[in-house]
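Observations on chain architecture
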Amino acid sequence: METVLASKYIPVSVCATEYLGSALKRVTFRGDFSKADFSIGHAVAFRVNECDFRNYTPASVCEEKGLCDVIFYMHGKGPGSKFSRDLRQGDSLKMIIPRGKKLFQPSKTLHFFFGDETALGLFSRMARRIKEQHQAYTGMVELDGENLRLPPELDLSVKTIVKKEFCGNSAETIGVYLRETYPAYLEKAVFYLLGNAASIQVFRKALRLQNVSSKNIKTQAYWAEGKIGL
Ligand SMILES: Cc1cc2nc3c(=O)[nH]c(=O)nc-3n(C[C@H](O)[C@H](O)[C@H](O)COP(=O)(O)OP(=O)(O)OC[C@H]3O[C@@H](n4cnc5c(N)ncnc54)[C@H](O)[C@@H]3O)c2cc1C
């Protein structure tokens, strides 16, 4: 299939890897990205073993230099996680061209992020664009304890929360907290909810209880407990 559908693949090489934490790795791919549509929010994919593909969202793309960064979360429970841990400088592989939702709403002046480690790449890309456009953002990112230090290191100004603690509350409690903490955002922002399907569900419900219009809530589940390969 890779030969028949050659136009859907970009040959790439790994030109750098960097551990941001013991379970987070930034990988820089080099390739000819000039013909692909790297809209913010589009995901690329890789074959992670003989038969399985997994999706990842670029954290930065420079078409002129032919470079693309992805931040991989290596949770250790599946082939995608193992694939990313094994990536080494000098590896050659094929990237499935970017496709999917164009989540980013460039005309909005306020943006709110909610997600986890799997969303850090996309959030850092969005944050750079938002700053360039002189707009504002805030957000909340739920992380493993050891990763709580990461958002500032990625130049991301968001509140960090320990995974499972915050979304263990009821949607009503979360809604009240959001109303007290981010009143202007509830009125005017676009909300991007990414990552864990269960957390997205409770956060979305909290926003709806606070009368945030569903057209201002953009969701994309990146993984779900017990589900294989979203
Ligand atoms: C559009 C899209 C964009 C994505 N972008 C990124 C990205 O930029 N960076 C990134 O790291 N991931 C990203 N993901 C998620 C990534 O594809 C998943 O981590 C991957 O699907 C998990 O693959 P796996 O083979 O390791 O585990 P799977 O075989 O899919 O699942 C095996 C087990 O692992 C568990 N599991 C899966 N993911 C997690 C997790 N995050 N935490 C804890 N347990 C988990 C599942 O519940 C399941 O029980 C994206 C997903 C989608 C759909």
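Shown above is the structure to which this text applies.
Residues numbered from 1 in each chain as written. Predicted model: local features only at pLDDT ≥ 70, side-chain atom pairs only at ≥ 80, totals over all residues. Heavy atoms only, no water.

Close to the ligand lie 25 residues; Arg54, Asn55, Tyr73, Gly80 and Gly229 are nearest. Burial of the ligand by the protein chains amounts to 93% of its free accessible area of 930 Å². The pocket occupied by the ligand, as judged from atoms lying within 2 Å of grid points, is the largest pocket. Counting residues per element, the ones that place at least two in the shell around the ligand are strand 4 (53-56), strand 6 (67-73), helix 1 (79-86) and strand 12 (217-223). (Near = heavy atom within 4 Å. Areas by Shrake-Rupley, 256 points an atom, 1.4 Å probe, with all protein chains shown as cover. 1 Å grid on protein atoms, 1.4 Å probe; cavity = no way out; pocket = protein on both sides within 12 Å on 5 of 7 lines; lining within 4 Å. Sits in = over half its atoms within 2 Å of the grid points. Helix = DSSP H or I, 4+ residues; strand = E, 2+ residues; numbered from the N terminus.)

Paired through backbone hydrogen bonds, the strands of a sheet run either parallel or antiparallel to each other. Spatial strand order, 10-9-8-11-12: five strands in an open sheet with parallel pairing. The sheet is open, and its two edges are formed by strand 10 (159-162) and strand 12, each paired on a single side. Here the average twist between neighbouring strands, direction ignored, is 10°. Packed onto the sheet, helix 6 (residues 197-209) meets strand 8 (110-115), strand 9 (136-143), strand 11 (190-196) and strand 12 and runs at close to 155° relative to strand 11. (Pairing = 2+ DSSP bridges. Axes fitted to C-alpha atoms, helices over the stretch in contact; angles between N-to-C directions. Contact = heavy atoms within 4.5 Å.)

Bringing the side chain of Asn196 into the picture now. Secondary-structure assignment places Asn196 in strand 11. Separated by 3.0 Å, the side chain of Asn196 and the backbone nitrogen of Ala198 make a polar contact. With residues up to four places along the chain from it excluded, the contact list for Asn196 reads Asp116, Glu142 and Trp223. (Polar contact = N/O pair within 3.5 Å; in protein donor to acceptor, adjacent residues only side chain to side chain.)

Attention now goes to helix 6. One turn of the α-helix equals 3.6 residues, which is why residues spaced by three or four share an orientation. With 13 residues, helix 6 ought to run about 18 Å at 1.5 Å a step, and its terminal C-alpha atoms sit 18 Å apart, in line with that. The complete set of buried residues in helix 6 reads Ser199, Ile200, Val202, Phe203, Ala206 and Leu207. On its buried side, helix 6 packs onto strand 8, strand 9, helix 4 (171-181), helix 5 (183-188), strand 11 and strand 12. The backbone nitrogen of Ala198 has a side-chain oxygen 3.0 Å away, supplied by the residue at the start of helix 6, namely Asn196. Directly beyond the C-terminal end of helix 6, a positive phi value near 65° is found at Asn211. (Expected span 1.5 Å × (residues − 1). Buried < 20%, exposed > 50% of the residue type's maximum accessible area, 1.4 Å probe, protein only.)

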